[in-house]
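# Examining the three-dimensional arrangement
Chain by chain, the residues:
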Amino acid sequence: MLPSALKHVQEIARRSGHPAIFLDYDGTLTPIVSHPEKALLSDSMRQALQSLVMQAPVAILSGRDLDDIRQRVNIGAIVYAGSHGFDIAGPRGLRKEMATEFLPRLDMIEKQLGKQLAGIPGARLERKRFSIAAHYRNVNESDVPKVERAVSKVATRHRELRKMDGKKVYELLPDIDWDKGKAVLWLLETLGLERAKVRPIYIGDDRTDEDAFRALGQHGVGILVSEQARPTAASYSLKDPTEVERFLRELVVTLR
């Protein structure tokens, strides 16, 4: 088991450099829920984030669409990266979009996958700007292989996309050299935070967050949100969003 970040707040905060905080949303700032549209940020977590942005740069990187994640958090000083880092926006006109040339093809593939999933009860197709997600959280366990086969069939037909496994979701997105890790490194450079005096802290629960943990390596701090032990490139852990909120509040106090 990884050491708890709650027991090492001072050590994490006071390691060389002022912290810059990068966060996932679902499963990190909010609990995982059966219907993603119901994953709402609590008032207390929003207050914790509002306090945090007064002390350090903050970015939220999510698999959700950029507009969706920005509206759910609704704090102007935060940088938002939607679609796993493919769509980034922030204060003072910060903007980056990756793989816009794939958008027409995604429109076509969305229709193909929708037909494949139509006969599977509980399967839900979600079109995001830069990806197509097949959710199976509400699918009978015996039907889950049907969802996987449907997504794999479409992915095999369209080699320009890659299939990504998430928490109860399969996702198709442009197969380019870009992920949350690359997005974090781009933000550090673009915002002038790559210098030695800044210490990036990344907190996330999903497999996609492992790209960010690996990208930061020894230059940052990776914190995995999980109640179970699992292989990870993170250095610390927190059990759930409740512990994430406690950590952020304690971090704010330490930074003041």
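See the structure above.
For the structure given in this document, a descriptive report is provided here.

Basis of the calculations
Residues numbered from 1 in each chain as written. Predicted model: local features only at pLDDT ≥ 70, side-chain atom pairs only at ≥ 80, totals over all residues. Heavy atoms only, no water. Axes fitted to C-alpha atoms, helices over the stretch in contact; angles between N-to-C directions. Helix = DSSP H or I, 4+ residues; strand = E, 2+ residues; numbered from the N terminus. Parallel < 35°, antiparallel > 145°, perpendicular 65-115°, else oblique. Left-handed = near helix turned anticlockwise from the far one by under 90°. Contact = heavy atoms within 4.5 Å. Nonpolar A, V, L, I, M, F, W, Y, C, P; charged D, E, K, R; others polar. Expected span 1.5 Å × (residues − 1). Buried < 20%, exposed > 50% of the residue type's maximum accessible area, 1.4 Å probe, protein only. Arc of directions from axis to C-beta. Pairing = 2+ DSSP bridges.

## Some points on the packing of helix α2 (residues 43–52) against helix α8 (residues 241–255)
For the pair α2 and α8, interaxial distance at closest approach is 9 Å and the crossing angle is 30°. Considering the angle they form, α2 stands roughly parallel to α8. Crossing angle aside, the handedness with which α2 passes α8 is left-handed. Note on element contacts: α8 touches α2 through Pro241, Val244, Glu245, Leu248, Arg249, Leu251 and Val252, opposite Ser44, Met45, Gln47, Ala48, Leu49, Ser51 and Leu52. For the contact of α2 with α8, a count of residues per class yields nine nonpolar, three polar and two charged.

## A closer look at the environment of Ser34
By the secondary structure assignment, Ser34 is in the loop between β1 (18–23) and α2. Setting aside anything within four residues of it in sequence, one finds Ser34 in contact with Arg137 and Asn138.

## Topic: helix α4 (residues 103–117)
The α-helix advances 3.6 residues per turn, and as a result positions three or four apart in sequence lie on the same side. With 15 residues, α4 extends 21 Å between its outermost C-alpha atoms, agreeing within 8% with the 21 Å of an ideal straight helix rising 1.5 Å per residue. Among the residues of α4, those classed as buried are Leu103, Leu106, Ile109, Leu113 and Leu117. Here the buried residues of α4 occupy an arc of 105° about the axis, which is enough to place them on one side. Residues of α4 that are exposed and point more than 90 degrees away from the buried face comprise Pro104, Lys111 and Lys115. Tucked into the core, α4 has its buried residues touching β6 (124–127), β7 (132–135), α5 (144–157), β8 (161–166) and β9 (169–174).

## Notes on the sheet that holds β1
What links the strands of a sheet is backbone hydrogen bonding, and the strands pair in either a parallel or an antiparallel sense. Ordered in space as β5-β4-β3-β2-β1-β10-β11-β12, the eight strands form an open sheet in which the pairing is mixed. Bordering the open sheet on either side are β5 (94–97) and β12 (236–238), each of which pairs with just one other strand. Neighbour-to-neighbour, the strand axes of the sheet open up by a mean angle of 20°, direction not taken into account. Relative to strand β3 (residues 79–82), strand β2 (residues 58–61) runs parallel, the two sharing three bridges. Bridge pairing in β3 links Ala59 to Val79. Its contacts with the sheet place helix α6 (residues 180–190) against β1, β2, β3, β4 (87–90), β5 and β10 (198–204), and it is angled at close to 150° to β5. Packing of helix α7 (residues 209–216) onto the sheet brings it into contact with β10 and β11 (221–225), and relative to β10 it is tilted by some 160°.

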